[in-house]
Amino acid sequence: MRPKEKLEQIAADAALSVPDKEARIIELLSGESDRGVAAAVDCLVETDDERAADFAAIHLALLPGAREGKTRAAERLRGAGPMVRSASRLVPWLPGELLDGFVADYVADPKAGSPLSDVIFEIGVNAPDRLRPFADKVESRFIHRSLLSGSPDELVDAFLERWREEDDDYDAIEAVALIRTPHAVRTLIAVREEFEDVEEWEILLELAGLLPDTEKRAGHPPAYLGSVVDEAESPHVMGGHVDGPVPVCPACSAPAQRVLTVAAEAVPFGLAQDASFFWYTCSCGALETTTVRVGPGERYVFYGPHGVSDPSRSIVPGKRAMALEPHPNQVGVSLEAIAGASRHQVGGLPRWVEYDAHPHCPECREAMPFLASVDSGPTPFGAMGFRGTLFCFWCNDCNVSVTQHQS
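Below or above, wherever it landed, is the structure these notes cover.

Parameters and conventions
- Residues numbered from 1 in each chain as written.
- Predicted model: local features only at pLDDT ≥ 70, side-chain atom pairs only at ≥ 80, totals over all residues.
- Heavy atoms only, no water.
- Helix = DSSP H or I, 4+ residues; strand = E, 2+ residues; numbered from the N terminus.
- Polar contact = N/O pair within 3.5 Å; in protein donor to acceptor, adjacent residues only side chain to side chain.
- Buried < 20%, exposed > 50% of the residue type's maximum accessible area, 1.4 Å probe, protein only.
- Pairing = 2+ DSSP bridges.
- Expected span 1.5 Å × (residues − 1).
- Arc of directions from axis to C-beta.
- Contact = heavy atoms within 4.5 Å.
- Phe/Tyr/Trp six-rings, centres within 6.5 Å; stacked < 30°, edge-to-face > 60°.
- Salt bridge = Lys/Arg side-chain N within 4 Å of Asp/Glu carboxyl O.

## Regarding the side chain of R299
Phase 1: Along the chain, R299 falls in the loop between β6 (289-293) and β7 (300-302).
Phase 2: At 3.5 Å, the side chain of R299 forms a polar contact with the backbone oxygen of G244.
Phase 3: Side-chain polar atoms of R299 contact the backbone oxygen of P245, separated by 3.1 Å.

And the structure:
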């Protein structure tokens, strides 16, 4: 039986829950020689089963690259009626002319809630410039929010005017921050004295891309999409045992594990050294952050107990790595993430689940720039050992990492 038929069989099994079907199909396809790229593409090109198509697209979206296969699959889905919805998962890898084709299809028949609207939603997130000229055809407020990213200066001015005229309309000034252009940043700096709540203004400025206390960047350009791959495929290590102290859960004494080490020499961020981030291997939820100094030959845990890593416990399924490829939206996504259903990211600005302040370094007391986010969604190797999304911040002067959890 071909992988396509096996996939369709699993997708149709009424005795399995949706998460079980997803896990089984990912395991099936990951066992193929190319990690399931060809089998997933063949399924998307040939199947008439909407459920099978979506599971195949979910798997394909876990894998980096494979742009030719993803494009071929999306081209077929474009003309496949309701199955077009599955193409939404492939949007970050599709060429501009194909994205324009999806937009043209939607503009010709703009129905909110149609299968095509899922694709348009992802185009708004990843390539807002391609959709923004047709914003008047879009009814979804979520898609409109995604189009804030990189909007022209006149929209910044219009939101500022609305904020002032409509009794300090917070949504309007938040929209200015989410536009994230130099003009948006300058506008927020200029209205600093008009805020009674300083912390509120600081969060907005960080959201726009600038740290308020130092006026340094709130992130590291450029932004990359991250995918979990085998250890040998990337220098950015995920999981695995580490020597030396790690944070320990104060409620159950479970030790943390390394979530990610960003290799300094493999990214253009000017990092003084490799940046490592840690998270708990339990589900107690006793703390929302870990704070660790990761200096050359040493590790120091701030704010709580510490112990040694336990190789039998894992936060990542095995010792893996994170492969990076350029993010299609380099301005910064202006729509909140869904924890457990978002992509990993290194560099750029955070796509928060809930907007929050950047942590401050315990050494120098300065606000820390964002470096990475790791989501708890599925991987080709099994489930992550946590729920929600982890946001990783790095103080390059003090070699301190903070991992912050949102769910």
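## Brief notes about the pairing of strand β9 (residues 320-326)
Phase 1: For β9, the buried fraction is high: 5 of the 7 residues fall into the buried class.
Phase 2: Sheet topology places strand β1 (residues 220-230) next to β9; 7 bridges connect them, and they run antiparallel. Across the sheet, G226 pairs through a bridge with L324, a residue of β9.

## Examining helix α10 (residues 153-165)
Phase 1: Counted at 1.5 Å a residue, the expected span for α10 with its 13 residues is 18 Å, and the 19 Å between its end C-alpha atoms agrees.
Phase 2: Among the residues of α10, those classed as buried are V156, F159, L160 and W163. The arc that holds the buried residues of α10, viewed along the axis, is 100°, so those residues lie on one side. Within α10, the exposed residues directed more than 90 degrees away from the buried face are E154 and E165.
Phase 3: Buried residues belonging to α10 abut α11 (170-179) and α12 (182-190).
Phase 4: D167, located one to two residues past α10, shows a positive phi value of around 55°.

## Quick notes on the environment of G96
Phase 1: As for its position among the elements, G96 is in helix α6 (residues 96-108).
Phase 2: Classification of G96 as buried rests on a relative accessible area of 16%.
Phase 3: Taking C-alpha positions, G96 is 27 Å from D49, a pair spaced 47 residues apart along the chain.

## Side note on the packing of aromatic side chains
Phase 1: Considering all chains together, one arrives at 9 aromatic pairs under this definition.
Phase 2: Taking 5.2 Å as the distance between ring centres and 25° as the angle between the ring planes, the aromatic pair formed by W163 and F195 counts as stacked. On the criterion of sequence distance, the pair formed by W163 in helix α10 and F195 in the loop between α12 and α13 (198-208) is long-range, its members being 32 residues apart.
Phase 3: For W163, a relative accessible area of 3% gives the class buried.
Phase 4: Owing to a relative accessible area of 8%, F195 belongs among the buried residues under this scheme.
Phase 5: Site record: aromatic cluster; members linked through ring pairs are W352, F370, F391 and F393.

## Section: the pattern of salt bridges
Phase 1: As enumerated under the stated definition, the model contains 24 salt bridges in all.
Phase 2: Residue R2 pairs with E46 through a salt bridge whose shortest N-O separation is 3.0 Å. You can see R2 sitting in the segment before α1 (3-11) and its partner E46 sitting in helix α3 (residues 37-46), a full 44 residues away along the chain.
Phase 3: Judged by relative accessible area, R2 falls into the partly exposed class, the value being 38%.
Phase 4: Ionic pairing is found between D118 and R85, a salt bridge with its closest N-O pair at 3.1 Å. Taken together, the positions of D118 in helix α7 (residues 115-126) and R85 in the loop between α5 (67-78) and α6 put the pair 33 residues apart, joining distant regions of the chain.
Phase 5: Here D118 falls in the partly exposed class, since its relative accessible area comes to 30%.

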